[in-house]
Amino acid sequence: MYRTNTCGELRLANVGQTVTLAGWVQRSRDLGGMTFIDLRDRYGITQLAFNMETNAPLCEQARKLGREYVVQVTGKVIERSSKNSKIPTGEIEIEATDLQVLNAAKTPPFTIEDQSDGGDDLRMKYRYLDIRRNPVRRNLEMRHKMAMLVRNYLSDRNFLEIETPMLIKSTPEGARDFVVPSRMNPGEFYALPQSPQQYKQLLMVAGMDRYFQIVRCFRDEDLRADRQPEFTQIDCEMSFVHQEDVLNMFEGLSKHLFKEMKGIEFDKFPRMTWHDAMCLYGCDKPDLRFGMTFKEVTDVVKGHGFSLFDGSELVVGIVAEGCAEYTRKQLDALTDFVKRPQVGAGGMVYIKYNADGSFKSSVDKFYDAEALKAIADKMGAKPGDLMLLLCGPAMKTRAQLCALRLEMGNQLGLRDPQKFAPLWVIDFPLLEWDDETQRYYAMHHPFTAPKPEDEPLLDDPSRWGDIRANAYDIVMNGTEVGGGSIRIHDRTLQNKMFHTLGFTDEKAAAQFGFLMDAFTYGAPPHAGLAFGFDRLCSIFAGADSIRDFIAFPKNNAGRDVMSQSPAPISQEQLDELCIKVDVK
Ligand code: ASP
């Protein structure tokens, strides 16, 4: 037997027992007469004591152990004279009687401590050592617990976990595909799934009724911060349901996770239409941990000779409560913030509503106290508040103000990662106009159903932008953690949708023929949703990065720095695949 116990479980109650432990040497302390070793495994740390007086050879052997050596030790559990209240095993130690080195170890390139001295790159290169550290290990344990809760919850509600293929024909989710060449079919390629979308819909046609899968998805997107080319979804689909049924089911799952993981109980999650989210928060994933909703003042500010406002489609602002004392420097910094290329505003107008009821603004030249009071009233500002205003084309200005609102939330400490604000955003537009290609794209994906009352608008191209979809996102703390839709199960409507998206019959048949065929054999009404599992884990942990919840993530350039992939392949492999590589 390698071990009788783990390094995390012995307590005072075990005193007197003879035990065998195995693990890694965390550290050793040589005090002359005594040598102490902290032995670590996934479950904890136990102190080993080696006594020079009673067993000199063993003590000598222990002194030679380096950090991260793998050892097996046998000894008696004894009560410690100086106890360590910081660890659960801190009241006992093992008086060692036997020691075996199972494997020597090179000194690790960084310290295996909660606060490691290793930089990001180094830790990723030696990720297996990084995972030995408590914070990373705990994240993976948490991920496992979440996955188990999800599986059990859905399984208890009749969902079947069914695997779908990884080598498929492209499923469009708006990103580029990763492709895999087929040796047996020269010149032909599989795509890796961006999601199992079409397969889960086929499973509904197949009568599986309720499907889920905790599944890897692949999207070859331009790398943005904290995106991974491969990531995991909790992918779900249900038959014979309305939107209400889907929202209730997955709200239930989310609440279950909050309760089990965080001990938090929620009432009903709030719901907001996409349109309201855009007008009140400037984005489709509002952070509801704080208010500071948008106040439109276009009508009130016009006609005072301030040409910038007079010529703008929208003048909109936020009220930062109690911030009238902001200094010139702080206001300049906010102006610089909105002018950064990532935000892109031309400038920012501020109005201080001083505690004594007077006003000070960056537009005093154009607005007297009465005019400023009218703006303050429209915005619901009180003495002591600060108003920040942006202007320009409506959608752009809202997006800019969204960034400013989040920045103010950060500055005022209103975005506590341990606070949770879930939200459903519903009624997304069905179609999204793309200026570059001058055509409409499906905002969610081409299988998403329009709201029945908006369906007639499909016949009027001038109204396509107004069509709402039966599509929904679940948002937490300003992050989209999941999304889905009611699907089109009617072939005629699906064909119409393809035409709207600019697919010819041939192109639609080539790309989606099998799904379209399936729909002719009795497709049930169905709907579904997918959660981003890595993201969900990071939000529950109050962490910023999804990388911390993936055992072996890629870096920001999409590389696995540990295995050094992607990498060239041999000429033989290329020849077999009939691929000519010509990298300039
Ligand atoms: N396949 C969709 C996605 O990956 C989710 C869904 O519609 O179920 O976003």
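Up top you'll find the structure we're talking about.
On a predicted model such as this, the values are computed, not experimentally measured, just so you know.

A.B. asks: Any details on the overall build of the chain? Residues and values, ideally.
C.D. replies: On a plain count of helices and strands, the chain comes out with 16 helices and 22 strands. Seen along its three principal axes, the alpha-carbon backbone of the chain occupies a region of about 95 × 75 × 55 Å. The 584 residues of the chain split such that 48% are buried. As displayed, the chain offers around 28600 Å² of accessible surface, 50% of which is attributable to carbon and sulfur atoms. Averaging the locations of the 72 positively and 83 negatively charged side chains of the chain gives two centres separated by 4 Å.

A.B. asks: Tell me about the side chain of serine 239, and name the residues and values.
C.D. replies: Following the sequence through the fold, serine 239 ends up in strand E10 (residues 230-239). Among the residues examined, serine 239 registers a relative accessible area of 6% and is labelled buried. Sequence-distant contacts of serine 239, defined by excluding residues within four places in its chain, comprise Met204, Asp209, Pro524, Pro525 and His526.

A.B. asks: Account for the packing of helix H5 (residues 197-205) against helix H14 (residues 505-518), with residues named and values stated.
C.D. replies: The axes of two packed helices give the description: the angle between them and the distance between them. Following both chains from N to C, one finds H5 and H14 inclined at 20°, their axes separated by 10 Å at the closest point. Comparing their axes, H14 and H5 come out roughly parallel. Of the two possible hands of crossing, H5 and H14 adopt the one that is left-handed. Contact residues: Gln198, Gln201, Leu202 and Val205 in H5; Gln511, Phe512, Phe514, Leu515 and Ala518 in H14. Grouping the amino acids of the contact of H5 with H14 by side-chain chemistry returns six nonpolar, three polar and no charged.

A.B. asks: Talk me through the nonpolar core; I want residue IDs and the actual numbers.
C.D. replies: If you look at the biggest cluster of nonpolar residues, it comprises 75 residues, and the most contacted ones within it are Met146, Leu154, Phe250, Trp424, Phe531, Leu536 and Phe540. The leading source of residues in this core is helix H6 (residues 243-262), at eight residues. With near-sequence residues (within four places) excluded, methionine 146 lies in contact with Leu257, Met261, Phe533, Leu536, Cys537 and Phe540. Of all hydrophobic cores here, the second largest spans 26 residues; its members include Val343, Met348, Leu386 and Met408.

A.B. asks: Break down the pattern of salt bridges for me, with residues and values.
C.D. replies: With the rule as written, the count across this model stands at 40 salt bridges. Close ionic contact of arginine 468 with aspartate 454 constitutes a salt bridge, the shortest N to O distance being 2.9 Å. With a gap of 14 residues between them, arginine 468 in the loop between strand E19 (439-442) and strand E20 (471-476) and aspartate 454 in the loop between E19 and E20 connect regions that are remote in the sequence. The buried category is assigned to aspartate 454, whose relative accessible area is 8%. Within this structure, Asp120, Arg123, Arg127, Asp130, Arg133 and Arg547 form a network of salt bridges that share partners.

A.B. asks: Describe the environment of serine 545, naming the residues involved and giving the relevant values.
C.D. replies: Within the secondary structure, serine 545 is located in the loop between helix H15 (533-540) and helix H16 (571-576). You can call serine 545 buried: its relative accessible area is 18%. With 320 residues separating them in the primary sequence, serine 545 and alanine 225 have C-alpha atoms 8.9 Å apart. What serine 545 contacts, discounting residues up to four positions off in sequence, is Asp226 and Ser538.

A.B. asks: Lay out the sheet that holds strand E3 (residues 44-51) in plain terms, naming residues and giving numbers.
C.D. replies: Spatial ordering of the closed barrel is given by E1-E2-E3-E5-E4, a layout of five strands whose pairing is mixed. The mean angle between the axes of side-by-side strands here comes to 55°, regardless of whether they run parallel or antiparallel. Where strand E2 (residues 34-41) lies against E3, eight bridges are found, and the strand directions are antiparallel. Counterpart to arginine 40 in the pairing with E3 is isoleucine 45.

A.B. asks: I'd love a proper account of the layout of surface pockets, names of residues and values included.
C.D. replies: In this structure, the second largest pocket encloses a volume near 360 Å³. Along the walls of the second largest pocket sit 19 residues, with Gly44, Ile45, Ile87, Asn134 and Arg137 positioned nearest its centre. Mapped by element, the contributors of at least two residues to the lining of the second largest pocket are strand E1 (18-30), E3 and helix H4 (134-156). Looking at the lining of the second largest pocket element by element, the count peaks at three residues for H4. For the lining of the second largest pocket, the residue count by class is five nonpolar, five polar and nine charged.

A.B. asks: Kindly report on empty space enclosed by the protein, identifying the contributing residues and their values.
C.D. replies: Applying the stated criterion across every chain, the model contains two cavities of 30 Å³ or more. Its volume calculated, the largest cavity comes out at about 40 Å³. Residue lining of the largest cavity: Met124, Arg127, Phe552, Pro553, Asp560, Val561 and Met562, and that is the complete set. By residue class, the composition of the lining of the largest cavity is five nonpolar, no polar and two charged. A volume near 40 Å³ is recorded for the second largest cavity.

A.B. asks: An account of H4 is needed here, citing residue identities and associated values.
C.D. replies: Since the α-helix packs 3.6 residues into each turn, any two residues three or four apart lie on the same face. For H4, spanning 23 residues, the distance from its first C-alpha to its last is 33 Å, which sits close to the expected 33 Å at 1.5 Å a residue. Residues of H4 that are buried in the fold lie against helix H3 (127-130), strand E9 (210-218), E10, H6 and H15. Phi turns positive, to about 75°, at asparagine 158, one or two residues after H4.

A.B. asks: Any chance you could break down the environment of alanine 381 for me, citing the residues and the numbers?
C.D. replies: Considering the arrangement of structural elements, one finds alanine 381 in the loop between helix H11 (369-379) and strand E16 (386-392). It is 9.7 Å that separates the C-alpha atoms of alanine 381 and lysine 352, two residues lying 29 residues apart in sequence. When neighbours within four sequence positions are excluded, alanine 381 is seen to be in contact with Val319, Tyr353, Ala376 and Met387.

A.B. asks: So what's going on with unusual backbone geometry? Which residues, and what values?
C.D. replies: In this chain, serine 565 is followed by proline 566 through a cis amide linkage whose omega measures 5°. With respect to the helices and strands, the residue proline 566 is situated in the loop between H15 and H16. Even without being glycine, aspartate 209 reaches a positive phi, approximately 70°. Of the residues examined, aspartate 209 reaches a relative accessible area of 31% and is grouped as partly exposed.

A.B. asks: Outline H5, listing residues and values.
C.D. replies: Across the nine residues that make up H5, a large majority, seven, are buried. Residues of H5 that are buried: Gln197, Gln198, Lys200, Gln201, Leu203, Met204 and Val205. Among the structural elements, E9, E10, H14 and strand E22 (526-532) are those in contact with the buried residues of H5. Phi turns positive one or two residues past the end of H5, at glycine 207, with a value near 85°.

A.B. asks: Lay out the sheet that holds strand E21 (residues 479-486) with the relevant residues and their values.
C.D. replies: Within a sheet, adjacent strands bond to each other through the backbone by hydrogen bonds, running parallel or antiparallel. Strand order in the open sheet formed by eight strands is E6-E9-E10-E22-E21-E20-E17-E11, with mixed pairing between adjacent strands. A strand with exactly one partner marks an edge of an open sheet, and here the two such strands are strand E6 (160-161) and strand E11 (271-273). Taken together, the seven bridges between E10 and E22 define a ladder with antiparallel strand orientation. Along E22, the bridge assignment pairs isoleucine 234 with phenylalanine 531. Contacts from H4 reach E6, E9 and E10 within the one sheet, and its direction differs from that of E9 by about 150°.

Conventions used here
Residues numbered from 1 in each chain as written. Predicted model: local features only at pLDDT ≥ 70, side-chain atom pairs only at ≥ 80, totals over all residues. Heavy atoms only, no water. Helix = DSSP H or I, 4+ residues; strand = E, 2+ residues; numbered from the N terminus. Buried < 20%, exposed > 50% of the residue type's maximum accessible area, 1.4 Å probe, protein only. Areas by Shrake-Rupley, 256 points an atom, 1.4 Å probe, with all protein chains shown as cover. Lys, Arg positive; Asp, Glu negative; His and termini not counted. Charge placed at Lys NZ, Arg CZ, Asp CG, Glu CD. Contact = heavy atoms within 4.5 Å. Axes fitted to C-alpha atoms, helices over the stretch in contact; angles between N-to-C directions. Parallel < 35°, antiparallel > 145°, perpendicular 65-115°, else oblique. Left-handed = near helix turned anticlockwise from the far one by under 90°. Nonpolar A, V, L, I, M, F, W, Y, C, P; charged D, E, K, R; others polar. Core = buried A, V, L, I, M, F, W, Y, C linked by side-chain atoms within 4.5 Å. Salt bridge = Lys/Arg side-chain N within 4 Å of Asp/Glu carboxyl O. Pairing = 2+ DSSP bridges. 1 Å grid on protein atoms, 1.4 Å probe; cavity = no way out; pocket = protein on both sides within 12 Å on 5 of 7 lines; lining within 4 Å. Points joined across faces, edges and corners; volume = space filled by probe spheres on them. Expected span 1.5 Å × (residues − 1).

Treat this as a map of the structure, not an account of what it does.
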